Amino acid sequence: MMIVSAKEKRRILPISFVAHRTYHGSRRMITIGNIPRKTKAFFNTVKSEFGTPAFSHFCSLVMAITISHCSTIERLARLLRNSTHRTNHGEFLWRSDWNESSVMQQIALDMLRSLFTKKDRHLFFIIDDTQTLKRAKKMDAVGKLHHHATGKYGTGHTILKVCLYYHGVTIPWASLLYVKQEHASKLEIPFCKLTELAGEAIRRSTFSGKFNVTVLFDAFYLCPNVVDACKERKWHYIGVGKSNRWFTVGSIKRKLAKYGRNVLNNSGIWCNIAGLRKTKTYRLAERIGKLNKLGIVKIVFSRRKGENKHIALVTDDLRASLKTIVADYLKRWSIEMLIKDEKQHLGLGDYRVKRYRAVVRHLHLVDCAYACLTHVGIKTYRAQGQNKTKNVLRLEPISKLKDRMLRIVWQENVEDVIKYSHEKPIIRRLEKLLAA
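Structural notes, computed from the coordinates. (Residues numbered from 1 in each chain as written. Predicted model: local features only at pLDDT ≥ 70, side-chain atom pairs only at ≥ 80, totals over all residues. Heavy atoms only, no water.)

**Let's talk about the overall build of the protein**
Scanning the protein from N- to C-terminus turns up 15 helices and 14 strands. Buried positions account for 50% of the 436 residues belonging to the protein. Taking as baseline every contact in the protein between residues at least 6 positions apart, the subset at least 24 positions apart corresponds to 64%. Surface summary for the protein: the accessible area is close to 22100 Å², and the carbon and sulfur share equals 49%. (Helix = DSSP H or I, 4+ residues; strand = E, 2+ residues; numbered from the N terminus. Buried < 20%, exposed > 50% of the residue type's maximum accessible area, 1.4 Å probe, protein only. Contact = heavy atoms within 4.5 Å. Areas by Shrake-Rupley, 256 points an atom, 1.4 Å probe, with all protein chains shown as cover.)

**Some thoughts on a nonpolar patch on the surface**
Taken together, the side chains of I288, I296 and L318 present a nonpolar region at the surface, about 270 Å² in accessible area. Structurally, I288 is set in strand 12 (residues 279-291). Here I288 falls in the partly exposed class, since its relative accessible area comes to 46%. (Patch = residues over 30% accessible without salt bridge, like charges linked within 9 Å, V, L, I, M, F, W, Y side chains within 5 Å. Salt bridge = Lys/Arg side-chain N within 4 Å of Asp/Glu carboxyl O.)

**Considering helix 6 (residues 100-115)**
The first and last C-alpha atoms of helix 6 sit 23 Å apart over 16 residues, in line with the 22 Å expected at 1.5 Å per residue. Looking at helix 6, one finds that the buried residues are E100, V103, M104, Q105, I107, A108, M111, L112 and L115. In the core, the buried residues of helix 6 are packed alongside helix 2 (40-44), helix 3 (52-67), strand 3 (122-133), strand 5 (152-166), strand 6 (169-178) and helix 13 (356-383). At the N-terminal boundary of helix 6, the capping side chain belongs to N99, with an oxygen 3.1 Å from the backbone nitrogen of S101. (Expected span 1.5 Å × (residues − 1). Polar contact = N/O pair within 3.5 Å; in protein donor to acceptor, adjacent residues only side chain to side chain.)

**A few points about the nonpolar core**
The biggest cluster of nonpolar side chains holds 127 residues, and the ones touching the most others in it are F43, F58, F125 and Y237. Those residues in contact with F58 that lie beyond four places of it in its chain are F43, V46, F50, F92, W98, V103, I107, L365 and C368. (Core = buried A, V, L, I, M, F, W, Y, C linked by side-chain atoms within 4.5 Å.)

**Section: the pattern of salt bridges**
According to the stated counting rule, one finds 12 salt bridges in the structure shown. Note that R332 and E336 form a salt bridge whose closest N and O atoms lie 3.0 Å from each other. Judged by relative accessible area, which is 11%, R332 ranks as buried.

**Describing helix 10 (residues 256-267)**
When the terminal C-alpha atoms of helix 10 are compared, their 16 Å separation across 12 residues agrees well with the 16 Å that a helix rising 1.5 Å per residue should span. Burial in helix 10 covers these residues: L256, Y259, G260, V263 and L264. Projected down its long axis, helix 10 carries its buried residues within an arc of 130°, all on one side. Opposite its buried face, helix 10 presents the exposed residues K258 and N266, each directed more than 90 degrees away. Buried-residue contacts for helix 10 involve strand 8 (236-241), strand 9 (246-249), strand 10 (252-255), strand 12, strand 13 (295-304) and strand 14 (311-315). (Arc of directions from axis to C-beta.)

**Remarks on the pairing of strand 8**
Along strand 8, 5 of the 6 residues are buried, which leaves the element largely enclosed by surrounding structure. Across 3 bridges, the pairing between strand 7 (residues 212-216) and strand 8 is parallel. Looking at the pairing, T214 lines up with H236 of strand 8. After leaving strand 7, the chain enters helix 9 (residues 224-233) and then returns to the sheet as strand 8, a path that is right-handed. One ladder, built from 4 bridges, connects strand 8 with strand 14; its direction is antiparallel. (Pairing = 2+ DSSP bridges. Right-handed = clockwise from strand over helix to strand, strands pointing away.)

**Section: the packing of helix 6 against helix 13**
Two elements in contact, helix 6 and helix 13, have axes whose closest approach is 10 Å; the angle formed by their N-to-C orientations is 15°. With respect to helix 13, the axis of helix 6 lies roughly parallel. The hand of the helix 6/helix 13 crossing is left-handed. Between helix 6 and helix 13, the residues in contact are E100, S101, V103, M104, I107, M111, S114 and L115 and V360, R361, H364, D367, C368, A371, T374, H375, I378 and R382, respectively. Residue composition of the contact of helix 6 with helix 13, by class: 9 nonpolar, 5 polar and 4 charged. (Axes fitted to C-alpha atoms, helices over the stretch in contact; angles between N-to-C directions. Parallel < 35°, antiparallel > 145°, perpendicular 65-115°, else oblique. Left-handed = near helix turned anticlockwise from the far one by under 90°. Nonpolar A, V, L, I, M, F, W, Y, C, P; charged D, E, K, R; others polar.)

**Concerning the environment of H183**
Among the structural elements, H183 can be located in helix 7 (residues 181-187). For the pair H183 and G143, spaced 40 residues apart in sequence, the C-alpha to C-alpha distance is 8.4 Å. Aside from chain neighbours lying at most four places away, what touches H183 is A141, V142 and G143.

**Remarks on the packing of aromatic side chains**
Scanning all chains against the criterion turns up 19 aromatic pairs. Aromatic pair F124 and Y165: ring centres 6.4 Å apart, planes at 55°, arrangement tilted. Within this pair, whereas F124 is found in strand 3, its partner Y165 is found in strand 5, the two being separated by 41 residues in sequence. Each member of the pair, F124 as well as Y165, carries the same accessibility label: buried. Ring plane angle 80° and centroid distance 5.8 Å describe the contact between Y259 and F301, whose orientation is recorded as edge-to-face. Taken as a pair, Y259 in helix 10 and F301 in strand 13 lie far apart in primary sequence, 42 residues in all. One aromatic cluster is present, formed by F42, F43, F50, F55, F58, F92 and W98 through successive ring pairs. The ring of Y351 has K134 sitting right over it, with the charged end atom 4.2 Å from the ring centre. Sitting above the plane of the W94 ring, R355 keeps its charged end 4.0 Å from the centroid. (Phe/Tyr/Trp six-rings, centres within 6.5 Å; stacked < 30°, edge-to-face > 60°. Lys NZ or Arg CZ within 6 Å of the ring centre and 35° of its normal.)

**Section: unusual backbone geometry**
The backbone of H167 sits at a positive phi, close to 60°, despite the residue not being glycine. Along the chain, the position of H167 falls in the loop between strand 5 and strand 6. Since its relative accessible area comes to 3%, H167 is described here as buried. Here the phi dihedral of K293 falls at roughly 75°; this positive angle occurs in a residue that is not glycine. Take K293: it is sitting in the loop between strand 12 and strand 13. When its relative accessible area of 64% is taken as the criterion, K293 is described as exposed.

Here's what the structure looks like:
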């Protein structure tokens, strides 16, 4: 490890990071000061949304999340070289004047503009929810829930996640915290069911008219609250129908489970359909009829080859082919990967803040960090000479993009150390490190 004298430290004070002998597990920490040059364009998109101190906090925390393995305020503050006390970052999440939803959506829209090609106007608006278990009793909006991942009851938060999928790229759009009715009155916010939150997310979203939007969601969100919002926006939707729902064809009512099984056995056809990563074989059949509370819809019954279970995909786009409907719905998996990556690599559930507003802003900071890494992935993809007009961009996984971001921070700032230092031994040592 390089040893720098106190005199030399004063001389190279303007540098934006320094590597030091602090360890988290077996990994060395790198602290951050200035924002790397390769990410400045990403942050400048939303600079007008902040005051100067708040913008500095925002950039620092987002960058810290991109290279950190834990997103608690205390942990992130350690990664910031010239950081104030961690309580100031907590105050930024709670008291500062900025609109987290507007910031996230501006970032997403800017990314969409950079990806847009006239050959691909199909944009997917994807809705899902996730849960985080929290033991804190004084944290706002924490309530009892049934944790789907473990199958046990606990206390925590339910988060509605919304993302966009375009041209092979997943872009975070919103993270909405579900608040139970008994907590909503205490926090002085209107109570909304999860499906109502999803409907409002659809109504408040603004996209250019050059996109044809399709909303994707699972069986829980196939309800009037969400479907009516799609109709108001004149967007098509694709969702899963529960097996016990009544489907009317002609004048005969049937349960989806039994009816779908019979239709697939009698008139299903085998089709090869490309998913996000692989192409698989499905047996498909379609019917048009009336679904209770939703009106006239098309249902595509689908069963993967080698499996007995089938699903019923419900859409209001009566002209779409059955292969197109299944291929489009397979893109819903992108939000599952987004949630998984944010939990495993960006600390989506690591927040330890008390205030409701701080929790919501933490969730949006994680989304911004994901978008920042995606921005780096797109720039790297194009720098390698890849064609922008390809149907699907194949970006690196988030784990590799985090390593790439770490290398960007290291490389750019070692160059700054060389620039500001006048000690030849230090320069030669840093040049060797940079070359390695």
